[in-house]
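Inside the fold
The residues making up each chain are set out below.
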Amino acid sequence: DTEVTQTPKHLVMGMTNKKSLKCEQHMGHRAMYWYKQKAKKPPELMFVYSYEKLSINESVPSRFSPECPNSSLLNLHLHALQPEDSALYLCASSQDRTFRTEAFFGQGTRLTVV
Amino acid sequence: QKEVEQNSGPLSVPEGAIASLNCTYSDRGSQSFFWYRQYSGKSPELIMFIYSNGDKEDGRFTAQLNKASQYVSLLIRDSQPSDSATYLCAVLIMIYNQGGKLIFGQGTELSVKP
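The sections below set out a description of the structure shown in this document. In this text, all values refer to a predicted model and were calculated from it rather than measured experimentally.

Criteria and cut-off values
- Residues numbered from 1 in each chain as written.
- Chains lettered and ligands numbered in written order.
- Predicted model: local features only at pLDDT ≥ 70, side-chain atom pairs only at ≥ 80, totals over all residues.
- Heavy atoms only, no water.
- Contact = heavy atoms within 4.5 Å.
- Buried area = accessible area lost by both parts, 1.4 Å probe.
- Salt bridge = Lys/Arg side-chain N within 4 Å of Asp/Glu carboxyl O.
- Helix = DSSP H or I, 4+ residues; strand = E, 2+ residues; numbered from the N terminus.
- Polar contact = N/O pair within 3.5 Å; in protein donor to acceptor, adjacent residues only side chain to side chain.
- Pairing = 2+ DSSP bridges.
- Axes fitted to C-alpha atoms, helices over the stretch in contact; angles between N-to-C directions.
- Buried < 20%, exposed > 50% of the residue type's maximum accessible area, 1.4 Å probe, protein only.
- Phe/Tyr/Trp six-rings, centres within 6.5 Å; stacked < 30°, edge-to-face > 60°.

1. Overview of the interface of chain B and chain A
With 24 residues of chain B in contact, the opposing surface of chain A contributes 26 residues. For the pair chain B and chain A, the two sides together bury roughly 2,000 Å², of which 61% comes from carbon and sulfur. Counting across the chain B and chain A interface gives one salt bridge. Glu58 of chain A is the salt-bridge partner of Lys101 of chain B, the closest N and O atoms lying 3.4 Å from each other.

Given below as structure tokens:
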């Protein structure tokens, strides 16, 4: 099983709303990632969790708040977003503390901020 | 200098030909390398992963890694119209005590003409 599951697949939210994106994997991976991807651009790293601890934050605005409740689950809490935050949000996972690991992506959440 | 560089394309090849995609990277600490295929509006799909110098073959795909030249390539034999997509090169950079960062190139758009 190489599946990373993201929910919801689509989300429309207003600028005053609070919403959450969810990501789940059952491959025993201990590194989990959030990426943001705009049209015609490559995925851009936002956060990395290593063994359920936030290890890398790529200077992401505080309106994005990640959370890793356990080794299988990763959330991204959204609050007071701007229209320019509309994008495809991707979750990925891999083994941690080794470079001999594949990295798999979920299907993504298409977020529209209105 | 960007960390991971690819020709943006588009690269156009006739059906049945070999498509050759190239990627260079700047960080000599990079340890593993990925090729993802991404169809428009979809998430990246892992098609090849390599961490040792030399060639790795999987079906119609061959990845070639040359760490001395900081170069990784992807060959697609017997190209099919269904191979038309954007191909993303990614590099895993391990950071001491922080886990890994998966960094992407800009992607190469491949078009296979029937």
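Let's pick the thread back up.
2. Brief notes about the environment of Ser79 of chain B
Residues and elements named next belong to chain B. Within the fold, Ser79 resides in the loop between strand S8 (71-76) and strand S9 (85-95). Sequence separation of Ser79 and Ser30 is 49 residues, and the distance between their C-alpha atoms is 29 Å. A polar contact of 2.9 Å, which involves the side chain of Ser79, links it to the backbone oxygen of Ala17.

3. Describing the sheet that holds strand S7 (residues 61-66) of chain B
Residue and element names in this part refer to chain B. Strand order across the open sheet formed by five strands is S1-S3-S8-S7-S6, with antiparallel pairing between neighbours. Strands at the two margins of the open sheet, each flanked by one partner only, are strand S1 (4-6) and strand S6 (54-58). Averaged over all pairs of adjacent strands, the angle between strand axes in this sheet comes to 20°, irrespective of strand direction. Taken together, the six bridges between strand S3 (residues 19-25) and S8 define a ladder with antiparallel strand orientation. Residue Ala19 lies in a different strand from S8, and its bridge partner there is Ile76.

4. Here we look at the sheet that holds strand S3 (residues 18-25) of chain A
All names here are of chain A. The strand order S1-S3-S8-S7 describes an open sheet built from four strands, whose pairing is antiparallel. The sheet is open, and its two edges are formed by strand S1 (4-7) and strand S7 (64-70), each paired on a single side. Sheet twist, expressed as the mean angle between neighbouring strand axes with direction ignored, is 20°. Here seven bridges tie S3 to strand S8 (residues 73-79), and the two strands are oriented antiparallel to one another. If you follow Ser20 over to S8, its bridge partner there is His77.

5. Considerations on the pairing of strand S6 (residues 53-57) of chain A
All names here are of chain A. The pairing of strand S5 (residues 44-50) with S6 spans four bridges and is antiparallel. Bridging across to S6, Ser50 finds its partner in Lys53. Turn length for the S5-S6 hairpin, with the two strands adjacent in sequence and antiparallel, is two residues, and the turn residue Tyr51 shows positive phi of about 50°.

6. Some words on the pattern of salt bridges
All names here are of chain B. Applying the stated criterion across every chain yields a total of nine salt bridges over all chains. Taking the shortest distance from any N to any O, the salt bridge between Glu45 and Arg37 comes out at 3.0 Å. When its relative accessible area of 35% is taken as the criterion, Glu45 is described as partly exposed. Three or more residues are tied together by salt bridges with common partners; here these are Arg37, Glu45, Arg60 and Asp83.

7. A closer look at the packing of aromatic side chains
Following the criterion strictly, the structure yields 11 aromatic pairs over all chains and no others. Each ring, one from Tyr35 of chain A and one from Phe105 of chain A, has its centre 5.5 Å from the other, and the planes form 55°; the classification is tilted. Taken together, the residues Tyr35 of chain A in strand S4 (residues 31-37) and Phe105 of chain A in strand S10 (residues 103-105) connect sequence positions 70 residues apart. Here a set of aromatic residues connected by ring pairs shows up, and it is made of Tyr33, Tyr35 and Phe105 of chain A together with Phe34, Tyr36, Phe49, Tyr51 and Phe104 of chain B.

8. Focus on the environment of Lys113 of chain B
Residues and elements named next belong to chain B. Within the secondary structure, Lys113 is located in strand S11 (residues 108-113). Lys113 sits in the partly exposed class, given a relative accessible area of 46%. On a C-alpha basis, the gap between Lys113 and Ala17 in space is 9.8 Å, while along the polypeptide they are 96 residues apart. Those residues in contact with Lys113 that lie beyond four places of it in its chain are Ser12, Val13, Pro14 and Glu15. Only 3.3 Å separates the side chain of Lys113 from the side chain of Ser111, close enough to count as a polar contact.

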